[in-house]
Amino acid sequence: MKSNLIITIEREFGSGGHLIGEKLAEQLQIPFYDEAIIERAALKSGFDKNFIEKQEQKINNSLLFNIATSGFYSGGTLHDQIFIAERDAIVEMAQTGACVIVGRCADYILRDKYNCMNIFVHADKEDRVKRVVEEYGVKGENVSAIVDKTDKQRARHYQYYSDQLWGAAENYHLTLNTSRFSIDQAVSILKNVAEMF
């Protein structure tokens, strides 16, 4: 594997993409970034970490909302400010060398400037709902609706900032269906591909 390879992972909610990224980084002995992006963005922007977590992918199409959250001196909506802080954090992380970065449009942000291997992880809806309940600890009757809502937020956020369709195969080097491959099999596949990339 090249010392400057950046592996980006976009993922459907409940597909196991975060865990795949974490295990892949561990096997390749390179840094893993997901929550750390939020922490660094919080430091850069001055926003509270918990606030960023709640707001980062909740793009609102309402003109009134966007006007209300625009900072007169900040030059953008609240969501734009969060995106810019996360973008800057992602670029800083990529500049340090090989790593795995999960979500937040990293594939788009780093395009054409870094040696990236872009991955999309997905799974059948039934399997994702099961993982969200059993592994993520989400309870209640509306888990399926939570999965749909989270994916819609991710898709809207990705399309808003990249002008590309989230999950469209042509935007990635490889897509993996974790309904067909276990987490460990997916990690093994990606490790082999990374070593050839």
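Anything mentioned here points back to the structure above.
Residues numbered from 1 in each chain as written. Predicted model: local features only at pLDDT ≥ 70, side-chain atom pairs only at ≥ 80, totals over all residues. Heavy atoms only, no water.

Student: Would you mind going over the overall build of the protein with me for this structure?
Tutor: Helix and strand content of the protein: 9 helices and 5 strands. Helices and strands in the protein line up, N terminus first, as β-α-β-α-α-α-α-β-α-β-α-α-β-α. Whereas a compact globule of 197 residues would reach a radius of gyration of roughly 16 Å, the protein reaches 17 Å, a difference of no more than 12%. With the C-alpha coordinates of the protein rotated into their principal frame, the extents come out at 50 × 45 × 30 Å. Counting only residues that meet the buried cut, the protein has 45% of its 197 residues in that class. Across the protein, the fraction of contacts at a sequence separation of at least 24, relative to all contacts at a separation of at least 6, is 72%. Accessible area of the protein: about 10,300 Å², with a carbon and sulfur share of 49%. (Helix = DSSP H or I, 4+ residues; strand = E, 2+ residues; numbered from the N terminus. Rg over C-alpha atoms; globule rule 2.2 N^0.38 Å. Buried < 20%, exposed > 50% of the residue type's maximum accessible area, 1.4 Å probe, protein only. Contact = heavy atoms within 4.5 Å. Areas by Shrake-Rupley, 256 points an atom, 1.4 Å probe, with all protein chains shown as cover.)

Student: Would you take a moment to explain the pairing of strand β1 (residues 6-11) for this structure?
Tutor: Both faces of the sheet carry side chains from a regular strand, because those side chains alternate between them. Counted residue by residue, β1 has 6 buried out of 6 residues, so it is predominantly covered. The alternating pattern of β1 places Ile6, Thr8 and Glu10 and Ile7, Ile9 and Arg11 on opposite faces, both of which are buried. Note: β1 against strand β3 (residues 99-102), 4 bridges, orientation parallel. Looking across to β3, one finds that Ile7 is bridged to Val100. (Pairing = 2+ DSSP bridges.)

Student: Is there a simple way to think about the sheet that holds strand β2 (residues 32-33) in this case?
Tutor: With parallel pairing, 5 strands are arranged side by side in an open sheet as β2-β3-β1-β4-β5. Both edges of this open sheet fall to β2 and β5 (174-177), since each of them pairs with a single strand only. Note: strand β4 (residues 116-122) against β5, 4 bridges, orientation parallel. Residue pairing for β5: His122 is matched across the bridge by Asn177.

Student: How should I be thinking about the packing of aromatic side chains in this particular structure?
Tutor: A ring pair, where both rings are aromatic, is described by two values, the distance of the centres and the angle of the planes. Summed over the entire model, instances satisfying the criterion amount to 6 aromatic pairs. Here Phe83 and Tyr161 contribute two aromatic rings whose centre-to-centre distance is 3.9 Å and whose plane-to-plane angle is 5°, an arrangement assigned as stacked. Note that Phe83 is positioned in helix α5 (residues 78-95) and Tyr161 in helix α8 (residues 143-162), a separation of 78 residues in sequence. Per residue, the accessibility class of Phe83 equals that of Tyr161, and both read buried. Each member of the aromatic cluster is reached from another via a ring pair, and the members are Phe83, Tyr160 and Tyr161. Positioned above the aromatic ring of Tyr108 is the side chain of Arg111, whose terminal nitrogen or guanidinium carbon lies 3.7 Å from the ring centre. (Phe/Tyr/Trp six-rings, centres within 6.5 Å; stacked < 30°, edge-to-face > 60°. Lys NZ or Arg CZ within 6 Å of the ring centre and 35° of its normal.)

Student: For this particular structure, what's the right way to read the packing of helix α1 (residues 17-28) against helix α9 (residues 183-196)?
Tutor: Packed helix pairs are specified by the crossing angle of their axes together with the interaxial distance, meaning the distance between the axes. Viewed as axis vectors pointing N to C, α1 and α9 meet at an angle of 50°, and their least axial separation amounts to 9 Å. In this view, α1 runs oblique relative to α9, as classed from their interaxial angle. Judged by the sense of rotation from one axis to the other, the crossing of α1 with α9 is right-handed. Mapping the contact onto sequence places Leu19, Ile20, Lys23, Leu24, Gln27 and Leu28 in α1 and Ile183, Asp184, Ala186, Val187, Leu190, Lys191, Ala194 and Glu195 in α9. Looking at the contact of α1 with α9, its residues break down into 9 nonpolar, 1 polar and 4 charged. (Axes fitted to C-alpha atoms, helices over the stretch in contact; angles between N-to-C directions. Parallel < 35°, antiparallel > 145°, perpendicular 65-115°, else oblique. Left-handed = near helix turned anticlockwise from the far one by under 90°. Nonpolar A, V, L, I, M, F, W, Y, C, P; charged D, E, K, R; others polar.)

Student: In this structure, what is going on with the packing of helix α7 (residues 125-134) against α8? I would like to understand it.
Tutor: Interaxial distance between α7 and α8 falls to 9 Å at its minimum, and their mutual angle equals 105°. The angle between α7 and α8 places the two elements in the roughly perpendicular class. Contact with α7, carried on its side by Lys125, Arg128, Val129, Val132 and Val133, involves Val143, Ser144, Val147, Asp148 and Asp151 of α8 and no other residues of that element. When its residues are assigned to classes, the contact of α7 with α8 shows 5 nonpolar, 1 polar and 4 charged.

Student: Help me understand the side chain of Ser162 in this model?
Tutor: Relative to the elements of secondary structure, Ser162 occurs in helix α8. On the basis of relative accessible area, Ser162 is assigned to the buried category, the value being 5%.

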